[in-house]
Amino acid sequence: MLLVVLEHDRGALGEPAREALTFGRTLAAKMGAEMHALAIGAGAAATEQVAAVSGDHGAARLYTVDHDVLSDFGPEAWGQSLVQVIDALGPGAVLACGSERGNEVMAQAAARLDWPFVANCTDVTPPAGAGREWSLTRIQWGGSLLEDATLAASGTALLTCGLHSVASTPVEPAPAAPPETRAVPVDLGAELARTVVKDRVVLDAGVTLPTAPVVVGGGRGVGSAEGFAPLEELAELLAGRVGCSRAVTNNGWRPHSDQVGQTGTRIAPEIYIASGISGAIQHWVGAMGSKHILAVNIDPEANMVVKADWAVIGDLHQVIPAMNAEIRRRRDRP
Amino acid sequence: MRILCCVKRVPAPGAKINVTADGLAVDAAHLGFTTSPHEECGVEEAVQIAERTGGEVTVLTLGPAEAAEQLRYAASVGARHGVLVSTDGSAWDPQRTARALTAAIRSLEADGGVFDLILFGNESADSGGFQVGVRVCHALGRPIVNGIKGIETEGSGVRARREIDGGFEVYELDLPAALGVKEGINLPRYPTMRGRLASKKLEITTFEIEADAGDQSLVRLHRPTETVSQTVILGAGPDAAPAAVDVLEELGLV
Amino acid sequence: MSDFPTSAKCVVIGAGIVGNCLVGHLTKLGWSDLVLVDKGPLPNPGGSTGHASNFIFPVDHNKEMCLLGVQSANQYRDLDLSVDSGGIEVARTAERMAELQRRMTSATAWGVEAHLLTPEEVAELCPFINTDVVLGGFYCPTVSVVDSLETGTVMRRLAVDNGCRVLANTEVLDIVTEPGPNPGDRTVKAVVTSAGTIDTEYVVIACGVWSNRLANMAGAHIPLVPAVHQMADVGPIDVLAQTGNEIGYPIVRDMDTFCYERQTAGSMEVGSYAHRPIFHHPDDIPSNEEAALSPTEMPFTPDDFDPQMEQAIELMDMLGDAEIKYAINGLLSLTPDAMPCLGEVPEVRNLWSAAAVWVKEGPGMAQVVAEWMTFGYPRVIDVHGADIARFYPEERPDEHIWARSAEHFNKTYGIVHPAEQWESRRNLRVGPYFSRQQDLGAFFFQARTWERPQWFESNADLVERYGLGEREVEWDNRWWSPITNAEHLNLRDNCGLVDLSAFQIFELTGPGAVAYADRLAVNKVDVPVGRSIYTPWLTPDGGFHSDLTMMRLGTERVRVVTGVFDGGRDEFWVRRHLPTDGSVSFANVTDHITTLGLWGPNAPAVLGALCEADLSQAGSPYGSLVDVELDCGTGRPVAATLFRISYVGDTGWEIYLAWDDGPAVWDALMRVGADYGLRPTGGGVYGTSGRLEKGYRLMGAELESEYNPLEAGLARPRVKAADFIGKEAYLAAREAGDPEVKMCVLTVEDLHDSRGRKRFMQGGNEPILTSGGERIVDSHGRVSRVTTAGPGPSLGKHLLMGYLPAELAVAGTDLQVMYMNELFPVRVAGTGAVFDPDDARMKS
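Predicted, not measured: the structure shown is a model, and the values here were computed from it.

(A) The overall build of chain B, seen in detail. What chain B contains, in helices and strands, is 6 helices and 13 strands. Across chain B, every contact between residues at least 6 apart in sequence was considered, and the portion connecting residues at least 24 apart equals 71%.

(B) Main features of the interface of chain B and chain A. Opposite the 59 residues of chain B that make contact, chain A presents 64 residues. If you tally residues by element for the side of chain B that touches chain A, the top one is strand E9 (residues 167-174) of chain B, at 8 residues. When grouped by side-chain class, the residues that make up the side of chain B that touches chain A number 31 nonpolar, 20 polar and 8 charged. As judged from the 6 bridges shared by strand E9 (residues 145-152) of chain A and strand E12 (residues 216-222) of chain B, these two strands associate in the antiparallel manner.

(C) Expanded view of the nonpolar core. One finds Ile-13, Leu-22, Leu-34, Val-204, Ile-205, Ala-354 and Val-369 of chain C to be the most contacted residues of the largest nonpolar core, which totals 197 residues. Aside from chain neighbours lying at most four places away, what touches Val-204 of chain C is Cys-10, Val-12, Ile-13, Leu-22, Trp-352, Ala-354 and Val-369 of chain C.

(D) View of the packing of helix H3 (residues 94-112) of chain B against helix H4 (residues 132-140) of chain B. All names here are of chain B. Viewed as axis vectors pointing N to C, H3 and H4 meet at an angle of 45 degrees, and their least axial separation amounts to 9 Å. In terms of orientation, H3 and H4 fall into the oblique class. H3 and H4 meet at a crossing whose hand is right-handed. Across the interface between the two elements, Pro-94, Gln-95, Thr-97, Ala-98, Leu-101, Thr-102 and Ile-105 from H3 touch Val-132, Arg-135, Val-136, Ala-139 and Leu-140 from H4.

(E) Layout of the domain arrangement of chain A. Each domain of chain A was delimited in the assignment, giving domain 1 (2-195) and domain 2 (214-332). Put simply, the middle of domain 1 of chain A and the middle of domain 2 of chain A, counted by C-alpha atoms, are 41 Å apart.

(F) Molecular detail of the packing of helix H9 (residues 316-332) of chain A against helix H6 (residues 241-250) of chain B. As a packed pair, H9 of chain A and H6 of chain B sit with axes 9 Å apart at the nearest point and diverge in direction by 60 degrees. One element, H9 of chain A, and the other, H6 of chain B, form an angle in the oblique class. Read as a crossing pair, H9 of chain A and H6 of chain B show a hand that is right-handed. Contacts between H9 of chain A and H6 of chain B involve Val-319, Ala-322, Met-323, Glu-326, Ile-327 and Arg-330 of chain A on the former and, on the latter, Ala-241, Pro-242, Ala-244 and Val-245 of chain B. Partitioned by chemical class, the residues of the contact of H9 of chain A with H6 of chain B number 8 nonpolar, no polar and 2 charged.

(G) Structural view of the interface of chain C and chain B. Counting from both sides, the interface comprises 22 residues of chain C and, opposite them, 18 residues of chain B. No other element matches the 6 residues that helix H8 (residues 302-315) of chain C contributes to the side of chain C that touches chain B. Its residues assigned to classes, the side of chain C that touches chain B comprises 13 nonpolar, 1 polar and 8 charged.

(H) View of the sheet that holds strand E11 (residues 180-183) of chain A. Overall, mixed pairing links the 10 strands, which are arranged E11(A)-E5(A)-E4(A)-E1(A)-E6(A)-E10(A)-E7(A)-E8(A)-E9(A)-E12(B) in an open sheet. Of all the strands in the sheet, just E11 of chain A together with E12 of chain B have a single pairing partner and so form its edges. Along the sheet, successive strands turn relative to each other by an average axial angle of 35 degrees, direction set aside. Each of strand E1 (2-5), strand E4 (35-40), strand E6 (93-98), strand E7 (117-125) and strand E10 (157-162) of chain A touches helix H1 (residues 15-31) of chain A; the most contacted strand, E6 of chain A, lies at about 145 degrees to it.

(I) Focus on the pairing of strand E5 (residues 87-91) of chain C. Residues and elements named next belong to chain C. Among the 5 residues in E5, 5 count as buried, and that is most of the element. Neither face of E5 is left uncovered, since the one carrying Gly-87, Glu-89 and Ala-91 and the one carrying Ile-88 and Val-90 both have all their residues buried. Pairing between E5 and strand E7 (residues 136-140): 5 bridges, direction antiparallel. Residue pairing in the sheet places Glu-89 in a bridge with Phe-138 of E7. Pairing of E5 with strand E14 (residues 251-254) involves 4 bridges; the strand directions are parallel. Bridge pairing links Val-90 to Asp-254 in E14.

(J) Layout of the environment of Ala-109 of chain A. All names here are of chain A. You can see Ala-109 is positioned in helix H4 (residues 100-113). Overall, Ala-109 belongs to the buried group, with 28 C-beta atoms counted inside 10 Å. Sequence-wise, Ala-109 and Gly-79 are 30 residues apart; in three dimensions their C-alpha atoms are separated by 4.4 Å. Not counting residues within four places of it along the chain, the set of residues in contact with Ala-109 comprises Gly-79, Leu-82, Val-83 and Leu-158.

(K) The pairing of strand E22 (residues 450-456) of chain C, seen in detail. All names here are of chain C. Buried residues dominate E22, accounting for 7 of its 7 residues. Here strand E21 (residues 442-447) runs beside E22; their pairing, made up of 6 bridges, is antiparallel. The residue bridging Phe-444 from the neighbouring strand is Pro-453, located in E22. With antiparallel pairing between neighbouring strands as the criterion, E21 and E22 make up a hairpin whose turn holds 2 residues, including Arg-448 at a positive phi of roughly 50 degrees.

(L) Broad picture of helix H2 (residues 48-56) of chain A. All names here are of chain A. Of the residues making up H2, those classed as buried are Val-50, Ala-51, Val-53, Ser-54 and Gly-55. Of the surrounding elements, those touching the buried residues of H2 are strand E2 (8-9), strand E3 (12-13), H1, E4, strand E5 (61-65) and E11. Following H2 by one or two positions, Gly-58 has its phi on the positive side, about 105 degrees.

(M) Structural context of the sheet that holds strand E38 (residues 814-819) of chain C. One open sheet accounts for 6 strands, arranged E35-E38-E39-E34-E37-E36 (chain C); its pairing is antiparallel. Of all strands in the sheet, those with a lone pairing partner are strand E35 (768-769) and strand E36 (788-792) of chain C, marking the two edges.

Cut-off values and rules
Residues numbered from 1 in each chain as written. Chains lettered and ligands numbered in written order. Predicted model: local features only at pLDDT ≥ 70, side-chain atom pairs only at ≥ 80, totals over all residues. Helix = DSSP H or I, 4+ residues; strand = E, 2+ residues; numbered from the N terminus. Contact = placed C-beta atoms within 7 Å. Nonpolar A, V, L, I, M, F, W, Y, C, P; charged D, E, K, R; others polar. Pairing = 2+ DSSP bridges. Core = buried A, V, L, I, M, F, W, Y, C linked by C-beta atoms within 7 Å. Buried ≥ 20, exposed ≤ 12 C-beta atoms within 10 Å, placed from the backbone. Axes fitted to C-alpha atoms, helices over the stretch in contact; angles between N-to-C directions. Parallel < 35°, antiparallel > 145°, perpendicular 65-115°, else oblique. Left-handed = near helix turned anticlockwise from the far one by under 90°. Domains from an automatic or database assignment.

Shown next, in the form of structure tokens:
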């Protein structure tokens, strides 16, 4: 049996759980085993969504675990719970999504069991026949490299699949009924509460450069501190932040905290609008995490243009104000 | 406060990483080495906490003799003590690494007392196993929370913030404790020239530790198949603004 | 890509400062159909330009480097992409203070404003300098900081606006050649890139640190090595940030620590030439994708930089607490002789090099190459020292490039004596007498690859005989010995034997040989068999390309004998202009022929003891070639060609021998000569004192492409009928009447400096000034300076040569020479020989 640990936040399943189930389906088939799901913690058992999503994504059975110290997420408590479930059910493998929580919980379980744990797999081949050697491909260097590895699992293989290494898909046709749900009793010590979430802080509007969904970058081509005004305006219109290249901070046009790059901040916005930036490597390293890039540059051969998804060839001092005007016009449209 | 920060020496590659002919390592022939970025922030955080609380920072690494460079770097930005758990430079699996680190920390604590706070990087920049800190802390019986992007010290405890969508989770741990920190928790300082020169005098404690290998073995490294993106030229000059805004609109930003 | 240029007139590879300026300059000179290729992105493709420190110190002792630096600085200024920050070279040692005096001298020579500063004056300009460690400074207000990336962009756009095609992110994979017009020739055919193949007539390699790799693709060499220059950017520093400028304080060169400090906005960039030489093979430079920063910004190796940090903090305490924000092992290009590689490569026709050029001289050197390609020769200044054809085969392997570059890297800010010799890579080429000369205690100077005795310790006894002594100041005495003066006087009294094996000897044969030789030479080569001529070879513009002797050995055979410093350039010139109809064959016979010089009043008696030939002026007149057999007592007669000529002013011969016969003849002459006072005599006499007393010009010193034979005093009364390269320009110069300047010999009238010490000018471009102390500059901007300096032992005077305006080129005119920033009185002796002006000793 392959056991998939579902990531949820107080009962709400997100994309990572669906990905793990999707990845697990294929793996379970290779193992010739059923896929079961496990939901640890308060609220999960009572949530219809958890059962429904598990079933829709191919889990034949759902196990739930609850306990006083599982009132909210806690890596040690979740890890210890998983250990007891493994002990109770004896799965051939346990899989979670390689998200922050997924990797952490698996690591906690592995540490307790003193078993190996392989994080962020993109491909897994179970042992053939009576063998115990798993073949895996996993992510290194944030995805720049892949590692082929073997895992000699004495009992249960502990794995996560790389976040977004598969796109989640439900089974077709959808199962007629939700999976059978069973509660697994656990015995957890009160001391495990020491790493349970104590509080939550919801951030207000203030967007930071590393987390901004939109970054409007300016480089040497901006020409002066004042030249950033239209960039500021664009960033404000898009609820983003202004970033800049090293040349800009070196010229004293912007503070260092705005610098994107090797020696500044690494950004990962939905879109990076890079204007007047040639795309020197130092800068590129900080910007390469952007999901999309729109370059505005006079030079069609500029590195940033070459690396961008979209580009406007032209003087940023004309292009950016025109974009600002266009956004306003569309927003004012009834 | 007595703080330990564990760091890893990793190559500093560009956008394309080459692999050695045998596939067992990154080809670092033309690369420099650096402290894995999360851990660089860990050192900075440790130094800041030490500065606030009047403590001192020990930095520990497991790696070849050359990893002393990373200890000195940490010393150049304020760490006081350096510890090298020496290896032959080959990649150690996570279990083996954790076993060696645990033994080293036990030894350090036996001699100098318990570390109030141990900082790990959330994961290493290269192998990214996401587990060494957790394994070490379990062995030491110490609580650890990963993904930390903010630390406040409060009396005999720490409040740690972990980034989630739209905000932070808050954890409160009594000391001694450990945290896995992430880049963004601070903006690490660069060493000053004087700091660099002083770091030359850092005395490094070296441990030779026999640790059993774990059950995960590297077969080979390789590059994923590349996807070449073609830049779509939306137009020239201000006339291209509507096309550019179309793109923003498609992304749901307008 | 449908618009890929499948053909072009010229492909320039490399879009750094040089390649960009080159396409700009070529465009200005009327070229079109250009393609500029770079494997990296624009505007910074990842080469050395992208991380350059971008400042220009316009003073250098070397004329080419200095004037092209000034020229480049002016080009940046003209584009308004330059700021005059000023710059100070600070001295921490007395030796350096003396060097700063020498720099003042060079500044005066090249017309660059400069002042010496006291420590207090240094502190006025840079208040953050610790004056406790500084003895003084050399301040140059026109030191400038330039924007090399933007300059490259502007020059590239100029070309693009005139049709130049730019292929960025396009890697050159091969340079295809095809057989050229003559046997063994190759010529450029096409450039294969990652985006397609471009058929092209010309290719220019302007690829900086990658240049040799590109040249190798075509079977050619550009002898340079990518070398590390460490730089660290430290900041923020308040006092710098408060200037509100990219550059608000002068650049500081901490000369004795081989470091510089250059403000970049709120930070200070500390650069070093002090660390161990760190070289990389071009194949080992990462690609743009592989590099953590750019390909030429290699990982910093901090251990190498630590000593410089301590010294930097010592000079500027504020640097100690500044953060090291950015530090690299930046790559730049070094060559075996520290000079750039410009011009058409000798191995492949129409393949040009514009490499080993730094930002500080990029625009000027790009202009040089553009002019060279356009006019057949550079016009802005003479660049024989940068001509890539200067290299001999032994200078092209990596072993040589690396060894020499390692030796001179730490001399980047060093105090380098004009006569300084290399330590590495010696004895590459030696004459057949080498072991004998070693036994005689020869002190060897290396001329490119060839070892030549400069003087012989075995002659030390003559020093006492002639009552000579060491020079008073160590600098003047360095790389010099009074033995050389003693050898000189002995040659004048008795005779001397000079090893001339380093002569570079070529032979032209075939039905067209004489006609072709005449096409190269100003003077008539078509003389009777057995006669020789001494002649300039001109550039198309009528300046000197070479100055050498040519011998009519047969009806269809001409021998060319040239100096070792110019052998590579001259061989290339001969091969490059060779007729393509097969009528002339070229051979380099240097390895087969050795030459001995035998001169002095007793020379005929000595030689007469070995042969029966009539050695009188009647039997062997000046300029004649006589084949003889020498009886060296070995039982086998040795065939020799006696060439009656003299470069030292006394009668005698150049004796041409088969290489293997050389030792027997040397031994015989030494044996016979013992009774005649014959001494082995070094290059100090042959190349300096002997020729100086006779006012003989030397190619590369007095003779450069900027000067013509009229100015050099080498014009004959008539011009031959046959056409020759440069004839039109030469005729025009003659038409124009008396030349504006004339080559003169001057005597130093008082050698004593302000401290009462005798000083001896070295011939390192010391400026010749009016009695009022004014620089002397002609209408072309050419300055009067010392081209050669040296002793005139027979005259008891120190002698100088230099061009002077005609009105000053009159015997008896009193002028001054500046040496070590002091003025010494000099007097014009004339335009010809000072010693034996009627040549009685040679021709009677």
